[in-house]
Amino acid sequence: MAQQSVSLYQRTGIEWLRDFLRGIGSFLKLIASNRVGLLGFIMVIFFIVLSTVGPRFVPLDTKTKVTQIYVPPSREHPLGTDHQGRDIWSQIVHGGKDILYVAFLTGLISTFIGVVLGSLSAIIGGGFDSLMTTLADIWLTIPQFPLLAVLAGFIRLDSLSLLALILAVLSWAGLFRAVRAQVFSLKERDYVEAARALDLGLRHIVFSEILPNMMSYIAISFTFAMTSAIYAQTSLVFLGLVPISTSNWGVMISLAWTRGAIFSKDSIYYIMSPIMAIALLQLALVWMGRSLEAVFNPRLRAGG
Amino acid sequence: MGVPSALRSPKSASVGTARLIRRIVSNYLLRRLLKALFTVFFVTTLIFFLIRLMPSNPIEVYINELIVQYGFSYEDARNQAASLFAIDLDAPMAVQYLDFLRHLSRGDLGNSLRSPGTTVLSVIAKFLPWTLFSVGTGLLLSFTLGVSLGMLMAYKRESSLEPVLAGIGSFLSSVPNYIIGILLLVFLGVRWELVPIGQMRGSMTPGIKPSLTLEFISDIFFHAALPIATYVLTTVGGWMLTMKSSTISTLGEDYVTVARARGLPETRITTAYVGRNAALPLFTQLAISIGFIVGGSILIEQIFVYQGIGYQLLVAISNRDYPVMQGIFLIITASVIASNFLADFLYSRLDPRVRIVGRE
Amino acid sequence: MAEKLIELDHIGRTFGQGKQKVRAVDNVSLTIKERDILCLVGESGCGKTTTGRIAAGLLRPSEGRVLFQGQDVWAMERKEFKRYRKAVQIVHQDPYASLNPTHTVYKILSAPLLRHNLVTNAREARLKCAQLLEIVDLTPPGDFLDKYPHQLSGGQRQRVSVARALTVNPSFIVADEAVSMIDVSIRASLLGMLSRLREQFGVTFLFITHDLALAKHFAWEHTIAVMYVGSMVEIAPTPQLIDEPLHPYTQALLVAIPEADPHLTRNKPRVSLRSMDVPSLLNLPSGCRFHPRCPRFVEGLCDQQAPDLVPVGDGRYVACHRVS
Amino acid sequence: MNRRSAQPILTWTEGPEADVPLSVRDLWVEYRAPRGAVKAVRGASFDLYKGETLSLTGESGSGKTTLALSLIRLLPRSANVRKGQIIYRRDGQEYDVLSLDAGDLRQFRWKECAMVFQSALNAFNPVLKIWDQMYDTVKAHDHSEREEVRRRALDLLRLVQLEPERVINAYPHELSGGMRQRVLLAMSLLLNPQVIILDEPTTALDILTQRTIIDLLRKLKEELGFSMVFISHDLSLAAELADRVATMYAGRVVEVGNVYEIFYRPKHPYTLGLIKAVPTVTGGFQELASISGSPPDLINLPTGCKFHPRCLYAMERCREEEPELIPATKGHLVACFCWEQVQADWDREWQQREPEAMEVAWPRS
């Protein structure tokens, strides 16, 4: 009997590998189970590939060609050309990198701030907690975008990382509140108390009992922080408040705006391309955020 | 028979100071008012120190500018700066700060650097009403529309209408507001030529006299139409989706089931039982929403060349007109806080649980 | 005579502050001997769960001492405290909240084993987990080890909770309404399993329940303690408490509980209480907490002075002016 | 209300049909779920006699709440009544509840058949005063004078032992759970209905309050003469209050009969198991027995009798065929192929344990 149970409960390396692959498979299956989420996921992947790998294959067109101003889409120019006869497609390919970089970095920093401050506030409690909540409440009533615009008036926001840092710091309050509420409810769960009784240690409690159960929250917060970072960044560029150094979609809209392309009937592809790129990226992130919720929430996995 | 404490009539006793403080702390509206005042104070302080402590101190920048561009002596430049910023530059920081607060409490926000002789207050007085008008109308419209559509979606959540509305709602709430503004301009104004965008610029037709005539009112609505449309389009999606989920969860509440069991007419259930309770959480969301929509006015007024406070802020920023920037930012924050307070007030009228909290 | 394992010495616990201050537990003393069962009975909100959490060392009392094998728990050295912490385990009420939904049964059970070096490798951990599942009657264990909590029924989850508590070989288990949310048709087998643990492993129990019938069944040869709105009203060996309750609250409770026997329940005497409302913890009555409802209320005594829990012989304790 | 088309109705009652205000026949209700259809009620049938208390008992998932909700057609949207009849009778007329139109249904609810819900804590609209909700209820059904409604409401609140003037002007959150439950009880009597359904009305209350409410219910029923469907998972409440008891398992009434019959001569192995699983408070120590196995998965039900995987009496036939609810003795129906054997075993056990017990148990027959 004992012999039997050993072989019954022993797991070989191949089995572990199989389980691992199965895990990835079920992750993809879950993403796929939500149609809108899958679409968002594919679109986000597309934008990432486009902006990271794309520039290697599509050179940025910088030559002015007077004969080719506002040419409609063709084989040669899939999205037509701009007011200087340059290829729009190549600008789209090259214009996403900065935006994604800032969005990703902002998401990372602000999620980190939110998770650390929110968890600390919920775990320490007492005076620290009430101070932090009051601060967050006040912070939330300050209109963020005007503050950002005023800030841009004071400092030159020409470093992408600095911009990301500022955007992340500005958005701490919302994330803080969400994470704090989550940790507050999670730390009162019976299984956390059981872990305390079993003396499993703070690290186990935080990283194994609490965090995995708020992954969906964190993931959604992350995508949310990314969308607001994209919004803030492109609007600042559009208003000309952030020094224009490289080409990105915001710069394209801004140029189209200042060159009056908006008021020209021929320039529809020029103005619509960056607009659609930004709008689709935002949509994709929001959709993906919803499906991530399903992936991390095991109660929704019941069927699988 | 015992009576719970909440039902006992309040003891008629002398009201001591301690009791007064407890009253204030336990009164929802007073608590909110104190918080609002504190937030205004917090923001002004933030702005003051931001200006003074920035790596490139805008006051120093301005003094330099006066010296280099206009050949002022350092002393003259300094005096000019001090008078425009309404700050005594020689005093220690703490005194400057108190001075600043004193000026502020008198409503003195300093003078514009770029158009000498113009007070910041007059700039605000001239442009703020237009923003309040367009943003307020937009918010009201989108709230009403969003709440109605949200309830409709919740009630018809198994029809084919719901996914369509949900799709539109999620599209509108995820696409940035300036993009919607540009799209309106490009398609309605340029491609399809449905609206005369040339004539719609500004906040009213030059020469028309402000009065309570139909002509004037329709004129200001004509000029504000596109900004208002943009505000509505960018925020209505959020209200729709929030109201939908709030309504769905309210529909699952026991008291709605009980109301049905009691045989109440469906209209009564929809309004007094579902609608009123489902809308409550939306009032707490107004805070973030108002801030967002007012902040968005900077972009929207720029796109439609609407002469409001957001447009003026951008002008001030690009001119580096610091006192105006500071003043406008303060007033924007103050109006957001004031509207939040208003939302809180409405909320406390609608939810008796908030009102009574102090009596427990 | 068995050794005293856990003693609660005049403990009290307050939650919140200012106006929201709630006195959840007030001046409660209890002694539990080794291999004994103490059933703590009371209505929801009477402070029995708080008492249980204090006994399990999960909550520090605001006043009073908790003694484990004669040592003050909150004055212990860190190492000693950890030993106590592991010796005392808790099984919660809600089977749907007491297991982490993101972990498999194996992960739930192996975490404490690996953390405290009770096993040396993963293979041994799996074996040990399988043994634990067999102890709590989840057989064959292979069917359960890799399941997530949501794939188990309420009763099965509760068994996993017990198995998790057993990983660290506890000498004392606080079972907080451990079977209350389980369907009656399978309750008895769970109770049977718990009793077996006492016999097999010498586990001592603090069994918390609102159901006096359940308490009577589980602790027939042991002791029942009755709580009312944060304080202890009566402690007695089970058969005596059931046959001849002394405190007016216990009497009222015994009479009020309906029985699953039409004759018995319909022929129970009626006690008329002076009030129908349970006092709020925010606004406790003066003197004896039961006095606003008590049929044996004496004016000027019961509403002035809180009675102490005093021994009345025969291993019985009562807190009532009219009894002692 | 429209008279329903004259159709013969099967009935097991002996007297005239007018004495049966409510009959349920072969009711099937399913819920749509991602994994498949949840078969909550599967061919449930019972009669409610005039002036009696019928207790529906069963464990979680037995379908008792679904059954109760379908009586006043308050099932959630995901539910679907597949077939069956719910017949309501008043003044010699019969109505099919399931085919009432919206207007008639609204009138039927509360005026004919009121329901007291499990969680009175949330049964009231938090933003309206108790009076407004009382008045709403009356206004929805007839055009009574405001003053008259107020007087009646105050009377009823007094009847359920509340301080009427205070309670009527209170918001729900100002009342305790026990008070709210009594207000709901008073409200259920507002329109003098013929039938009241009570769904676990005392589960959330403390025991002393529960006892008061039970006594109150018994008194009210005697004074006002309504019929009551009392739903509870707690066998002891059924023993306390019911005239007749119906046991439900996996969406079906498996046994129904007089309360003494059910408790002292159960004929279905499931009822028997339940009785053996519940300890009494007073009296000596009793052995308890569990029913083996676990409650069935309502999406993938076993074949044949749904209880057979847990049943000690199960035979080959039970695995293949589902037993019908048939009369075993007068007024005592059971859905089991082996009920005779169950009863024989039970009798033997009783006589061995307490010879006089049977005498005590049969005061009526």
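The structure displayed is predicted, hence computed values, not measured ones. (Residues numbered from 1 in each chain as written. Chains lettered and ligands numbered in written order. Predicted model: local features only at pLDDT ≥ 70, side-chain atom pairs only at ≥ 80, totals over all residues. Heavy atoms only, no water.)

### Here we look at the overall build of chain A
Move 1: When helices and strands are tallied, chain A shows 15 helices and 0 strands.
Move 2: The contacts in chain A between residues at least 6 apart in sequence include a share of 69% that link residues at least 24 apart.
Move 3: Here chain A displays about 14,000 Å² of accessible surface, and carbon together with sulfur accounts for 66% of that area. (Helix = DSSP H or I, 4+ residues; strand = E, 2+ residues; numbered from the N terminus. Contact = heavy atoms within 4.5 Å. Areas by Shrake-Rupley, 256 points an atom, 1.4 Å probe, with all protein chains shown as cover.)

### Considering the overall build of chain B
Move 1: Each helix and strand counted, chain B has 15 helices and 0 strands in total.
Move 2: Within chain B, residue pairs in contact and separated by at least 24 positions form 69% of the contacts whose partners lie at least 6 positions apart.
Move 3: Entry remark: accessible area of chain B is about 16,400 Å², with carbon and sulfur atoms responsible for 65%.

### What about the interface of chain D and chain C?
Move 1: Facing 49 residues of chain D, the contacting portion of chain C comprises 40 residues.
Move 2: Roughly 4,000 Å² of surface becomes buried between chain D and chain C when both sides are summed, with 60% attributable to carbon and sulfur atoms.
Move 3: Joining chain D to chain C, the criterion identifies 3 salt bridges.
Move 4: Close ionic contact of C:Arg293 with D:Asp206 constitutes a salt bridge, the shortest N to O distance being 3.7 Å.
Move 5: At the boundary of chain D and chain C, one finds 23 residue pairs in polar contact (both at pLDDT 80 or more).
Move 6: Broken down by secondary-structure element, the contributors of at least two residues to the side of chain D that touches chain C are helix H6 (177-188), helix H7 (207-224), helix H8 (235-241), helix H9 (259-264), helix H10 (269-277) and helix H13 (357-361) of chain D.
Move 7: With 8 residues, the single largest contributor to the side of chain D that touches chain C is H7(D). (Buried area = accessible area lost by both parts, 1.4 Å probe. Salt bridge = Lys/Arg side-chain N within 4 Å of Asp/Glu carboxyl O. Polar contact = N/O pair within 3.5 Å; in protein donor to acceptor, adjacent residues only side chain to side chain.)

### Observations regarding the pairing of strand E10 (residues 231-237) of chain C
Residues and elements named next belong to chain C.
Move 1: Of all 7 residues that make up E10, 6 are buried, and the element is covered over most of its length.
Move 2: Pairing of strand E9 (residues 223-228) with E10 involves 6 bridges; the strand directions are antiparallel. In the strand pairing of E10, valine 226 is matched with glutamate 234.
Move 3: Where E9 hands over to E10, the hairpin turn is made up of 2 residues, of which valine 229 adopts a positive phi near 40 degrees.
Move 4: Inspection of the sheet shows E10 paired to strand E12 (residues 316-318) by 2 bridges, in the antiparallel sense. When the sheet's bridge partners are listed, isoleucine 235 is paired in E12 with tyrosine 317. (Buried < 20%, exposed > 50% of the residue type's maximum accessible area, 1.4 Å probe, protein only. Pairing = 2+ DSSP bridges.)

### What to know about the nonpolar core
Move 1: Counting 163 residues, the largest nonpolar core has A:Phe238, A:Trp249, B:Tyr178 and B:Ile182 as the members making the most contacts within it.
Move 2: Of the residues forming this core, the biggest block, 17 residues, is contributed by helix H12 (residues 266-303) of chain B.
Move 3: By size, the runner-up hydrophobic cluster in this structure holds 121 residues, among which are D:Val24, D:Ala44, D:Val195 and D:Cys338. (Core = buried A, V, L, I, M, F, W, Y, C linked by side-chain atoms within 4.5 Å.)

### Considerations on the packing of helix H6 (residues 97-124) of chain A against helix H13 (residues 215-239) of chain A
Residues and elements named next belong to chain A.
Move 1: Two numbers describe how H6 lies on H13: the axes approach to 8 Å, and their chain directions differ by 135 degrees. Taken as axis vectors, H6 and H13 run oblique relative to one another. Seen from above, H6 lies across H13 with right-handed handedness. Residues Asp98, Ile99, Val102, Ala103, Phe104, Thr106, Gly107, Leu108, Ser110, Thr111 and Val115 of H6 form the contact with H13, whose own contacting residues are Ile218, Phe222, Ala225, Met226, Ala229, Ile230, Gln233 and Thr234.
Move 2: In terms of residue class, the contact of H6 with H13 is made up of 12 nonpolar, 6 polar and 1 charged. (Axes fitted to C-alpha atoms, helices over the stretch in contact; angles between N-to-C directions. Parallel < 35°, antiparallel > 145°, perpendicular 65-115°, else oblique. Left-handed = near helix turned anticlockwise from the far one by under 90°. Nonpolar A, V, L, I, M, F, W, Y, C, P; charged D, E, K, R; others polar.)

### Some words on the sheet that holds strand E5 (residues 71-72) of chain C
Residues and elements named next belong to chain C.
Move 1: Read from one edge to the other, the open sheet built from 4 strands follows the order E2-E1-E4-E5, with strand pairing classed as antiparallel. Only two strands of the sheet have a single partner each, and these edge strands are strand E2 (22-33) and E5.
Move 2: Summarising the sheet, strand E1 (residues 4-15) and strand E4 (residues 63-68) pair through 5 bridges and their orientation is antiparallel. Within the sheet, the bridge partner assigned to leucine 8 lies in E4 and is valine 66.
Move 3: Here helix H1 (residues 48-55) sits on the sheet in contact with E1, E2 and E4, set at roughly 125 degrees to E1.
Move 4: Each of E1, E4 and E5 touches helix H2 (residues 78-87); the most contacted strand, E4, lies at about 80 degrees to it.

### A short note on the pattern of salt bridges
Move 1: As enumerated under the stated definition, the model contains 48 salt bridges over all chains in all.
Move 2: Close ionic contact of D:Arg82 with D:Glu30 constitutes a salt bridge, the shortest N to O distance being 2.6 Å. Here D:Arg82 is found in strand E4 (residues 79-90), whereas its partner D:Glu30 is found in strand E1 (residues 22-33), with 52 residues between them in sequence.
Move 3: What makes D:Arg82 partly exposed here is its relative accessible area of 47%.
Move 4: Counted as one network, the salt bridges with shared partners bring together C:Arg270, D:Arg211, D:Asp215, D:Arg218 and D:Glu240.

### What about the sheet that holds strand E5 (residues 93-96) of chain D?
All names here are of chain D.
Move 1: Ordered in space as E2-E1-E4-E5, the 4 strands form an open sheet in which the pairing is antiparallel. Whereas interior strands pair on both sides, the edge strands pair on one side only; in this sheet they are strand E2 (36-48) and E5. Taking the axes of each pair of neighbouring strands and ignoring which way they run, one obtains an average angle of 15 degrees across the sheet.
Move 2: Contacting E1, E2 and E4, helix H1 (residues 64-71) runs over the sheet at an angle of about 115 degrees to E1.

### Remarks on helix H3 (residues 105-115) of chain C
Move 1: For H3(C), the tally of buried residues reaches 8 of 11 residues, placing the bulk of the element in the interior.
Move 2: C:Val105, C:Tyr106, C:Ile108, C:Leu109, C:Ser110, C:Ala111, C:Pro112 and C:Leu113 are the residues of H3(C) that are buried.
Move 3: Residues of H3(C) that are buried sit in contact with helix H12 (202-210) of chain A together with helix H4 (122-135) and helix H5 (154-166) of chain C.
Move 4: In the segment just after H3(C), C:Asn117 is the residue with positive phi, at about 50 degrees.

### Some points on the confidence of the model for chain B
All names here are of chain B.
Move 1: With 86% of its residues at a pLDDT of 70 or more, chain B has an overall mean of 80.
Move 2: Confidence scores differ between elements of chain B, with helix H1 (residues 17-26) showing the lowest mean pLDDT of 64 and helix H11 (residues 254-261) the highest of 92.
Move 3: Across residues 1-15 the pLDDT falls below 50, and counting only partners more than four positions away or on other chains, this stretch makes 26 contacts in the model.
Move 4: Low pLDDT, under 50, characterises residues 356-360; the stretch is placed with 11 contacts to residues that sit more than four places away or in other chains.
Move 5: Both scores are available for the predicted complex, with the pTM at 0.83 and the ipTM at 0.83. (pLDDT = per-residue confidence, 0-100.)

### Looking at the arrangement of the chains
Move 1: With 5 pairs of chains in contact, the largest contact count belongs to chains C and D.
Move 2: Separated without contact, chain A and chain D have their nearest C-alpha atoms at a distance of 6 Å.

### Regarding the side chain of D:His268
Move 1: If you trace the backbone, D:His268 turns up in the loop between H9 and H10.
Move 2: Side-chain polar atoms of D:His268 contact the backbone oxygen of D:Ala335, separated by 3.2 Å.

### Some points on a nonpolar patch on the surface
Residues and elements named next belong to chain A.
Move 1: There is a patch of nonpolar side chains on the surface, built from Leu17, Phe20, Leu21, Ile24 and Leu28 and spanning about 500 Å² of accessible area.
Move 2: Mapped onto the elements of the fold, phenylalanine 20 is located in helix H2 (residues 13-33).
Move 3: What makes phenylalanine 20 exposed here is its relative accessible area of 54%. (Patch = residues over 30% accessible without salt bridge, like charges linked within 9 Å, V, L, I, M, F, W, Y side chains within 5 Å.)

### Re the environment of D:Leu205
Residue and element names in this part refer to chain D.
Move 1: Relative to the helices and strands, leucine 205 is located in the loop between strand E7 (195-199) and H7.
Move 2: Classification of leucine 205 by relative accessible area gives buried; the value is 13%.
Move 3: As a C-alpha pair, leucine 205 and lysine 219 span 14 residues in sequence and 19 Å in three-dimensional space.
Move 4: With residues up to four places along the chain from it excluded, the contact list for leucine 205 reads Gly177, Gly178, Gln181 and Ile213.

### Some remarks on the confidence of the model for chain A
Residue and element names in this part refer to chain A.
Move 1: The share of residues in chain A with pLDDT of 70 or more is 87%, and the mean pLDDT across the chain is 79.
Move 2: The spread of mean pLDDT over the elements of chain A runs between helix H1 (residues 2-9), the lowest at 41, and helix H11 (residues 190-197), the highest at 91.
Move 3: Note on residues 1-10: pLDDT under 50 across the span, and 11 contacts to partners over four residues away in sequence or across chains.

### Some points on the state of the cysteines
Move 1: For the coordinates displayed, the defined rule picks out 0 disulfides over all chains.
Move 2: The thiol of C:Cys320 is unpaired, and the distance to the nearest cysteine sulfur, on C:Cys294, comes to 6.1 Å.
Move 3: The class for C:Cys320 is buried, based on a relative accessible area of 9%.
Move 4: In this structure D:Cys338 is not part of a disulfide, and its nearest cysteine sulfur, from D:Cys318, lies 4.4 Å away.
Move 5: With a relative accessible area of 6%, D:Cys338 lands in the buried category. (Disulfide = S-S within 2.5 Å.)

### Re the domain arrangement of chain B
All names here are of chain B.
Move 1: When cut into domains, chain B gives domain 1 (37-108) and domain 2 (120-359).
Move 2: Between domain 1 and domain 2, the C-alpha centre-to-centre distance is 35 Å.
Move 3: Taken together, the 12 residues of domain 1 in the interface contact 8 residues of domain 2.
Move 4: Here domain 1 and domain 2 share an interface that buries about 950 Å² over both sides, 85% of which is from carbon and sulfur atoms.
Move 5: In this assembly, domain 1 and domain 2 are joined by 0 salt bridges.
Move 6: Counting every contact that joins domain 1 to domain 2 gives 0 residue pairs in polar contact (both at pLDDT 80 or more).
Move 7: Listed by contribution, the elements that provide at least two residues to the side of domain 1 that touches domain 2 are helix H2 (28-53), helix H4 (74-85) and helix H5 (93-105).
Move 8: Take the side of domain 1 that touches domain 2: its biggest share by element is 6 residues, from H2. (Domains from an automatic or database assignment.)

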